[in-house]
Amino acid sequence: MSHAELDAPEPTPGGETPAAAPAARKRPKPGERRVQILQALATMLEQPGAERITTAALAARLEVSEAALYRHFASKAQMFEGLIEFIEQSVFTLINQITEREAAGPSQAGRIVTMLIQFAEKNPGMTRVMVGDALVFENERLQQRMNQFFDKVEASLKQCLRAADGATPTVDAQVRASVMTAFIVGRLQRFARSGFKRVPSEHLEASLSRML
């Protein structure tokens, strides 16, 4: 999620830049405020060792009232659901692209693992959501949804690997998909719990060669 850029002042017809106007806040476009809220939440989650994020702290970061947050999200759980939706859409769109462009098999599975590791490395705040650290004090359904996310990732890996084993998934394909999914989760957990110091891509190629 990229942060919005501020607009530069427009020059006047005479070529002069107008003086700074009184502090009049530009009203966000429809949907823009929702994105700003999710960006702020993701950024706060990037702080190593961040404790439970309250709506009061989130509102203070955005310089709005808590009531303003609830005009866009009915609850904090809905805000986290917005982040989870971003993760799901981003990752599964990329998985679809990989499976469409490359022949099924171990190499394709390796590409999916690499993509997920790189996504987490570029989005530390999202990593804390993916491994559940940011969801400890939140609604249980959020953690269940992330569990389902990794179940779908494992199913995608199994689909890639079964091509090398015949028309139907074999036990070997199921086991390897399970091991690769556990590897992803483990690398992401270490990344989050090290304060984002141990990057998940460490020795990634060598690790994949052992699994594949």
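Residues numbered from 1 in each chain as written. Predicted model: local features only at pLDDT ≥ 70, side-chain atom pairs only at ≥ 80, totals over all residues. Heavy atoms only, no water.

### As for the packing of helix α4 (residues 76–101) against helix α7 (residues 140–162)
Interaxial distance between α4 and α7 falls to 10 Å at its minimum, and their mutual angle equals 5°. As judged from the angle between their axes, α4 and α7 are roughly parallel. Contacts between α4 and α7 involve A77, F80, E81, I84, E85, I87, E88, V91, F92, I95 and T99 on the former and, on the latter, R141, L142, R145, M146, F149, K152, V153, S156 and C160. For the contact of α4 with α7, a count of residues per class yields 12 nonpolar, 2 polar and 6 charged. (Axes fitted to C-alpha atoms, helices over the stretch in contact; angles between N-to-C directions. Helix = DSSP H or I, 4+ residues; strand = E, 2+ residues; numbered from the N terminus. Parallel < 35°, antiparallel > 145°, perpendicular 65-115°, else oblique. Contact = heavy atoms within 4.5 Å. Nonpolar A, V, L, I, M, F, W, Y, C, P; charged D, E, K, R; others polar.)

### A look at the nonpolar core
Within the largest apolar cluster, 57 residues are counted, with the highest numbers of intra-cluster contacts made by V129 and F149. When residues of this core are traced back to their parent elements, those giving at least two are α1 (32–45), α2 (55–62), α4, α5 (106–122), α6 (124–130), α7, α8 (171–193) and α9 (204–211). Among residues more than four places away in sequence, those in contact with F149 are I87, E88, V91, F92, L116 and M130. (Core = buried A, V, L, I, M, F, W, Y, C linked by side-chain atoms within 4.5 Å. Buried < 20%, exposed > 50% of the residue type's maximum accessible area, 1.4 Å probe, protein only.)

### A closer look at the environment of L161
One can find L161 in helix α7. Taking C-alpha positions, L161 is 6.7 Å from A109, a pair spaced 52 residues apart along the chain. For L161, the residues in contact, after removing those within four places along its chain, are P106, A109, A173, R176, A177, M180 and L212.

### Overview of unusual backbone geometry
Trans peptide bonds make up the majority, and among non-glycine residues the majority have a negative phi. Residues other than glycine seldom take positive phi values, yet E63 does so here, at roughly 60°. Within the element layout of this structure, E63 appears in the loop between α2 and α3 (66–70). For F196, which is not glycine, the phi torsion reads 65° and is therefore positive. Mapping F196 onto the fold places it in the loop between α8 and α9.

### A word on the packing of aromatic side chains
In total, this model carries 4 aromatic pairs according to the counting rule given. Taken together, the aromatic side chains of F92, F149 and F150 make up a single cluster linked through ring pairs. Cation over ring: K152 sits above F92, and NZ or CZ is 4.4 Å from the ring centre. (Phe/Tyr/Trp six-rings, centres within 6.5 Å; stacked < 30°, edge-to-face > 60°. Lys NZ or Arg CZ within 6 Å of the ring centre and 35° of its normal.)

### Brief notes about a nonpolar patch on the surface
Together, V171, V175 and V179 make up a nonpolar patch on the protein surface, roughly 260 Å² of accessible area in all. Along the chain, the position of V179 falls in helix α8. Judged by its relative accessible area of 42%, V179 falls in the partly exposed class. (Patch = residues over 30% accessible without salt bridge, like charges linked within 9 Å, V, L, I, M, F, W, Y side chains within 5 Å. Areas by Shrake-Rupley, 256 points an atom, 1.4 Å probe, with all protein chains shown as cover. Salt bridge = Lys/Arg side-chain N within 4 Å of Asp/Glu carboxyl O.)

### Considering the confidence of the model for the protein chain
Fine structural detail should not be taken from predicted coordinates in areas where pLDDT scores are low. Confidence along the protein chain averages 86 in pLDDT terms, with 81% of residues attaining 70 or more. Every residue in residues 2–23 is under pLDDT 50, and counting partners more than four places away or in other chains gives 11 contacts. (pLDDT = per-residue confidence, 0-100.)

### Some points on the environment of L94
On the secondary structure map, L94 appears in helix α4. Once the C-alpha coordinates of L94 and I112 are considered, the two residues, 18 residues apart in sequence, prove to be 8.2 Å apart.

### Re the pattern of salt bridges
Per the counting criterion, the structure on display carries 9 salt bridges. The partner of R111 in a salt bridge is E102, and the shortest N-O contact between them spans 2.6 Å. Residue E102 is classed as buried on the basis of its relative accessible area, which comes to 19%. For the salt bridge of E202 with R198, the shortest nitrogen-to-oxygen distance reads 2.9 Å. Exposure remark for R198: the relative accessible area of 36% places this residue in the partly exposed category. Overlapping salt bridges bring together E85, E88 and R145 as one network.

### Focus on the side chain of E138
When you line up the elements, E138 lands in the loop between α6 and α7. A polar atom in the side chain of E138 sits 3.1 Å from the side chain of K76. Apart from the residues lying within four places of it in its own chain, the contact partners of E138 are R52, K76 and F80. (Polar contact = N/O pair within 3.5 Å; in protein donor to acceptor, adjacent residues only side chain to side chain.)

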